[in-house]
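# Tertiary structure, described
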Amino acid sequence: MATLNSSNTLSSTFYLTGIPGYEEFHHWISIPFCVLYLVGIMGNCTILHIVRTDPRLHEPMYYFLAMLSLTDMGMSMPTMISLFRVLWSISREIQFNICVVQMFLIHTFSFTESSVLLAMAFDRYVAICHPLRYATILTPRLIAKIGIAALLRSAFAMIPLLARLAFFPFCHSHTLSHSYCLHQDMIHLACADTMFNIIYGLVLITVLWGMDSLGIFVSYMYILQSILRIASREGRLKALNTCASHICAVLILYVPMIGLSIVHRFAKHSSPLIHIFMAHVYLLVPPVLNPIIYSVKTKQIRQGVLHILFPTKVSSTVM
């Protein structure tokens, strides 16, 4: 019987939802979404190109920034095809196995981005508290190990959660409440005991996000303590300014992430538009805003962007 349920589930078709009540405006609604996706993809690809091609940026801080851009795209791009298929009235259907892959990518890269932000906090801690040992501590080998560990930790943590979905019967509605697949959305449709998924999901969020946010908090306690020891006001402001972009990136990820979790668990009977709005903010805001913030606040990235846009003017200015 378990095998039969598993095979039936794997062949199940689910139906995605666009913006309920605004179906006749879906084509118009797709325009701002298209703009946001393009801005996010172009911005993050620009960051990656600048870091790769400019030898001056082959430093730990910029390697971690490149990781952040990769995780931003990894978190948002899996939703792009299914979203526009719904908004452009191509198809609302999505197969179970594709849905699981989409969930895996979204949640894995979401947790990975949190780990990358922790690594960036550690980078700022070493740069400010131990500047003379910066290059010897954060070697390219260690940075590569941190990136691989962050990805593997997030991926392996998601496997037990998503593997159990294959054994759940979905005997009622197969309509998801978003235009892409989220784990907390799908388990509401299962006609089975989902207590393991609910508890494991809460533990996963608490442990992974909790450890990362605690690590970021502790890093900044040490950073603040070190900054306060700097004698000159200009020196303190300069040190704080090197952390401004990272602090914004942390808020941009964690605030929508926490908001989406709260909405799913404590506002189940609220308007579907609230759930949909929070879900899109959670996936689209970090990829769009992070490249803009780092381009504005980081001189080297800003110069790289200007060099791409106005190569002749920038070259003449440097000369």
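Just so it is clear, the structure is predicted and the values come from calculations on it, not from any experiment. Counting restarts for each chain, with residues numbered from 1 along the sequence as it is written. Predicted model: local features are reported for residues with pLDDT of at least 70 only, side-chain atom pairs are reported and counted for 80 or more only, and whole-chain, interface and lining totals are derived from all residues. No hydrogens and no water enter the side-chain calculation; it runs on all heavy atoms of the structure.

### A closer look at unusual backbone geometry
- Positive phi, close to 60 degrees, is recorded for S89, a residue that is not glycine.
- Counting from the N terminus, the helices are the DSSP runs of H or I reaching at least four residues and the strands are the DSSP runs of E reaching at least two. Residue position: S89 is located in the loop between α4 (80-87) and β2 (93-95).

### Brief notes about the state of the cysteines
- For the purposes of this analysis, a disulfide is any pair of cysteine sulfur atoms at a distance within 2.5 Å. Under the definition given, this model contains one disulfide.
- The side chain of C99 participates in a disulfide bridge whose partner is C181; the two sulfur atoms lie 1.8 Å from each other. Given an S-S torsion of about -115 degrees, the disulfide between C99 and C181 has left-handed geometry. One end of the pair, C99, is in helix α5 (residues 96-129); the other, C181, is in the loop between α7 (140-163) and α8 (183-186), and 82 residues separate them in sequence.
- Relative accessibility thresholds used throughout: buried, under 20% of the residue-type maximum; exposed, over 50%; partly exposed, between the two (1.4 Å probe, protein chains only). You can call C181 buried: its relative accessible area is 1%.
- Cysteine C129 shares no disulfide, and the gap to the nearest cysteine sulfur, in C243, comes to 9.0 Å.
- Assessed through its relative accessible area of 1%, C243 is described here as buried.

### As for α7
- To estimate the expected span of a helix, count its residues, drop one, and scale the result by 1.5 Å. Taking 1.5 Å per residue, 24 residues should reach 34 Å; α7 reaches 35 Å between its end C-alpha atoms and fits that length.
- Inspection of α7 places I143, G147, A150, S154, A155, A157, M158, L161 and L162 among the buried residues, and these make up the whole buried set.
- For α7, the elements touching its buried residues are α3 (60-76), α5, α8 and α9 (195-228). Should any heavy atoms of two residues lie within 4.5 Å, those residues are considered in contact.

### Notes on the UniProt feature "transmembrane region" (unreviewed entry) in the chain
- UniProt positions are given in the numbering used here, feature names are shortened, and annotations may be inferred rather than shown by experiment. Per the UniProt record, "transmembrane region" (unreviewed entry) is annotated on residues 28-51, 63-88, 94-122, 142-163, 198-223, 244-267 and 273-293.
- Taken as a whole, residues 28-51 contains 100% helix and 0% strand, while its terminal C-alpha atoms sit 36 Å from one another.
- What you have in residues 63-88 is 85% helix and 0% strand, and the ends, taken at the C-alpha atoms, are 37 Å apart.

### Thoughts on the packing of α7 against α9
- Between N-to-C directions, angles cover 0 to 180 degrees, with each direction set by a line fitted to C-alpha atoms, over the stretch in contact for helices. Interaxial distance between α7 and α9 falls to 10 Å at its minimum, and their mutual angle equals 165 degrees. Looking at the two axes, α7 sits roughly antiparallel to α9. Classified by chirality, the crossing of α9 by α7 is right-handed. Touching R153, A157, M158, P160 and L161 of α7 are F196, N197, Y200, G201, L204, L208 and D212, all from α9.
- The classification used treats Ala, Val, Leu, Ile, Met, Phe, Trp, Tyr, Cys and Pro as nonpolar, Asp, Glu, Lys and Arg as charged, and all other residues, Gly among them, as polar. Considered class by class, the residues forming the contact of α7 with α9 number eight nonpolar, two polar and two charged. Any angle that is under 35 degrees is reported as roughly parallel, and any over 145 degrees as roughly antiparallel; angles of 65 to 115 degrees are reported as roughly perpendicular and all others as oblique. The crossing is said to be left-handed when, going from far helix to near helix, the turn is anticlockwise and less than a right angle, and right-handed when the turn is clockwise.

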